[in-house]
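Spelled out from the first residue to the last, the chains are:
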Amino acid sequence: MRRNPDGKIRICGTCGAKALVFDTRDMPHTYLDETHIIKQVTAYYCSTCGEAQLAAGQSGGECDRVFNEAGAFIAKVREQKGLPKL
Ligand SMILES: [Zn+2]
């Protein structure tokens, strides 16, 4: 676990706890009951509810990478289930 790089206390956007820690973790992502793991995501993680808060700029290209990986997974799941592309 790393300290927050700018030392600021951040508030979780999901549960409101002031318990976010800057960390790199594998992030599970679930879509239509299918789950995959997005590896080594650097973000602010809430110690209370576990929600990750991706901060553009602060964590480099992490937002884009997670967005792209999640999007690719969603496309794959939809294809497997025979659903139309989004
Ligand atoms: Zn939270």
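Reference entry: report on the structure contained in this document.

Observations concerning the overall build of the chain
Looking only at helices and strands, one finds one helix and three strands in the chain. Walking the chain from its N terminus toward its C terminus, one meets helices and strands in the order β-β-β-α. The buried share of the chain, reckoned over its 86 residues, is 14%. For the chain, the share of sequence-separated contacts (at least 6 apart) that also reach a separation of at least 24 residues comes to 43%.

Side note on the sheet that holds strand β2 (residues 34–46)
Strand order in the open sheet formed by three strands is β1-β2-β3, with antiparallel pairing between adjacent strands. Since the sheet does not close on itself, it has two edges, and those belong to β1 (20–31) and β3 (52–53), each with one partner. Here helix α1 (residues 62–80) sits on the sheet and contacts β1 and β2; the angle it forms with β2, its principal contact strand, is near 165°.

Regarding the nonpolar core
One finds Cys12, Leu20, Met27, Val41, Ala43, Tyr44, Tyr45, Cys46 and Ala52 forming the largest nonpolar core, which totals nine residues. Elements with a contribution of two residues or more to this core: β1 and β2. Sort the elements by how many residues they give to this core and β2 lands first, with five residues. Excluding residues within four positions of it along the chain, Leu20 makes contact with Arg10, Cys12, Tyr44, Tyr45, Cys46 and Gln53.

Considerations on unusual backbone geometry
For Asp33, which is not glycine, the phi dihedral falls at a positive 65°. One can find Asp33 in the loop between β1 and β2. With a phi angle near 50°, Gln40 is a residue other than glycine that sits in the positive phi range. With respect to the helices and strands, Gln40 occurs in strand β2. Residue classification places Gln40 among the exposed positions, given that 11 C-beta atoms sit within 10 Å.

Observations regarding α1
Relative to the 27 Å expected for 19 residues at 1.5 Å per residue, α1 spans 27 Å between its end C-alpha atoms, a close match to the ideal helical length. Phi turns positive, to about 75°, at Gly82, one or two residues after α1.

Observations regarding the pairing of β2
Pairing geometry for β1 and β2, over eleven bridges, is antiparallel. Residue Thr24 lies in a different strand from β2, and its bridge partner there is Thr42. Alignment of β2 against β3, held across two bridges, turns out to be antiparallel. Paired with Tyr44 across the bridge in β3 is Gln53. Between the antiparallel neighbours β2 and β3 lie five residues, among them Gly50 with a positive phi of about 85°.

Scoring rules and cut-offs
Residues numbered from 1 in each chain as written. Predicted model: local features only at pLDDT ≥ 70, side-chain atom pairs only at ≥ 80, totals over all residues. Helix = DSSP H or I, 4+ residues; strand = E, 2+ residues; numbered from the N terminus. Buried ≥ 20, exposed ≤ 12 C-beta atoms within 10 Å, placed from the backbone. Contact = placed C-beta atoms within 7 Å. Pairing = 2+ DSSP bridges. Axes fitted to C-alpha atoms, helices over the stretch in contact; angles between N-to-C directions. Core = buried A, V, L, I, M, F, W, Y, C linked by C-beta atoms within 7 Å. Expected span 1.5 Å × (residues − 1).

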